[in-house]
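Each chain is listed here by its residues.
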Amino acid sequence: GAGVSQSPSNKVTEKGKDVELRCDPISGHTALYWYRQSLGQGLEFLIYFQGNSAPDKSGLPSDRFSAERTGGSVSTLTIQRTQQEDSAVYLCASSSSGVTDTQYFGPGTRLTVL
Amino acid sequence: QKEVEQDPGPLSVPEGAIVSLNCTYSNSAFQYFMWYRQYSRKGPELLMYTYSSGNKEDGRFTAQVDKSSKYISLFIRDSQPSDSATYLCAMRSAGNNRKLIWGLGTSLAVNP
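Residues numbered from 1 in each chain as written. Chains lettered and ligands numbered in written order. Predicted model: local features only at pLDDT ≥ 70, side-chain atom pairs only at ≥ 80, totals over all residues. Heavy atoms only, no water.

Asker: Could you give an account of the sheet that holds strand S1 (residues 4-5) of chain B, naming the residues involved and the relevant values?
Answerer: All names here are of chain B. The five strands lie next to each other as S1-S3-S8-S7-S6, forming an open sheet whose pairing is antiparallel. With one partner strand each, in any of the chains shown, S1 and strand S6 (54-58) form the two edges of the open sheet. One ladder, built from five bridges, connects S6 with strand S7 (residues 61-66); its direction is antiparallel. Each bridged residue has a counterpart across the sheet, and for Lys56 the counterpart in S7 is Ala63. (Pairing = 2+ DSSP bridges. Helix = DSSP H or I, 4+ residues; strand = E, 2+ residues; numbered from the N terminus.)

Written out as structure tokens, the structure is:
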């Protein structure tokens, strides 16, 4: 079946603009995660959705970042008033609710803020 | 101090070498331990998944967990150039919150 997809694959924007990044998880996966990965760095957790529970937003770096997940499926990560330090690869992952909750990652969106 | 420590490398080995990758952690509540592999410009993919202590083997890969020392390892036997990637450890505690705590990743190059 299809894996996790993300769009766009690349996004170049100007400082101060808003951007929206989209994630389509694997069908039936109840959990969805957003991460940020800067060049040569590890994964920085941003936000976690699990079923109908309130999302874990503890990793969002500022109030310019927000995310929603509609209908328990597609998720959108929004960054308002982008800054140059927001430049990174934004990765989305989804997992089932089983004991072996492997996270399956999308290819990421490479964001460049000029 | 980070909850999970991992030496970022880079690590460079000749083809055929045995590779040892390691992570240490501080939270004794961690029960599930994973190794992910990430190729350049790709998302990470699960390589090994271990619950609690012990060893797990899959082909050329062996994962070890020593909870008493809060130390996990990934061994790669007969390393191949195709193993060149970044290896990330990840772990979590039991319970409904499935959020993983990640190491920074170790960059590995296997030279032909």
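From this point, the discussion proceeds with the structure in view.
Asker: So what's going on with the packing of aromatic side chains? Which residues, and what values?
Answerer: Within the structure shown, the criterion is met by twelve aromatic pairs over all chains. Geometrically, the ring pair formed by B:Tyr32 and B:Tyr51 is tilted, given 4.9 Å between the ring centres and 45° between the ring planes. Taken together, the residues span a long stretch of sequence, with B:Tyr32 in strand S4 (residues 30-38) and B:Tyr51 in strand S5 (residues 45-51) at a distance of 19 residues. Judged by relative accessible area, B:Tyr32 falls into the buried class, the value being 12%. Both rings, one in B:Tyr36 and one in B:Trp102, keep their centres 5.0 Å apart while their planes meet at 55°; by these two values the pair is tilted. Of the two residues, B:Tyr36 is situated in strand S4 and B:Trp102 in strand S10 (residues 101-102); the sequence distance between them amounts to 66 residues. When its relative accessible area of 10% is taken as the criterion, B:Trp102 is described as buried. Of the aromatic side chains, those joined through ring pairs into one cluster are A:Tyr33, A:Tyr35, A:Phe45, A:Tyr48, A:Phe105, B:Tyr36 and B:Trp102. (Phe/Tyr/Trp six-rings, centres within 6.5 Å; stacked < 30°, edge-to-face > 60°. Buried < 20%, exposed > 50% of the residue type's maximum accessible area, 1.4 Å probe, protein only.)

Asker: Report on the confidence of the model for chain A, specifying residues and quantitative values.
Answerer: Scored by pLDDT, chain A has a mean of 92; 96% of the residues are at 70 or more. Strand S5 (residues 44-50) of chain A is the least confidently modelled element of chain A, averaging 92 in pLDDT, while strand S7 (residues 75-79) of chain A averages 98, the highest of any element. (pLDDT = per-residue confidence, 0-100.)

Asker: Mind laying out the interface of chain A and chain B, listing which residues take part and the relevant values?
Answerer: Taken together, the 23 residues of chain A in the interface contact 18 residues of chain B. Where chain A abuts chain B, roughly 1,600 Å² becomes buried across the two surfaces, and 50% of that area is made up of carbon and sulfur atoms. Among the residues of chain A in contact with chain B, A:Leu43, A:Asp101 and A:Phe105 are the three that bury the most area, contributing 26% of the side total. Put simply, chain A and chain B have one salt bridge between them. Two residues, A:Asp56 and B:Lys99, come together in a salt bridge whose shortest N-O distance is 3.4 Å. Taken together, the links from chain A to chain B amount to five residue pairs in polar contact (both at pLDDT 80 or more). Where the side of chain A that touches chain B is concerned, the elements lending two or more residues are strand S4 (31-37) and S5 of chain A. Its residues assigned to classes, the side of chain A that touches chain B shows nine nonpolar, eleven polar and three charged. (Contact = heavy atoms within 4.5 Å. Buried area = accessible area lost by both parts, 1.4 Å probe. Salt bridge = Lys/Arg side-chain N within 4 Å of Asp/Glu carboxyl O. Polar contact = N/O pair within 3.5 Å; in protein donor to acceptor, adjacent residues only side chain to side chain. Nonpolar A, V, L, I, M, F, W, Y, C, P; charged D, E, K, R; others polar.)

Asker: I'd like a description of the sheet that holds S7(A), backed by residues and values.
Answerer: Residues and elements named next belong to chain A. Spatially, S1-S3-S7-S6 is the arrangement adopted by the four strands of the open sheet, whose pairing is antiparallel. Single-partner strands in this sheet number two, and they are strand S1 (5-7) and strand S6 (65-69). The mean inter-strand angle of the sheet, taken between neighbouring strand axes irrespective of direction, is 15°. Bridge count between S6 and S7: five bridges; the pairing is antiparallel. Paired with Ala67 across the two strands is Leu77, which belongs to S7. (Axes fitted to C-alpha atoms, helices over the stretch in contact; angles between N-to-C directions.)

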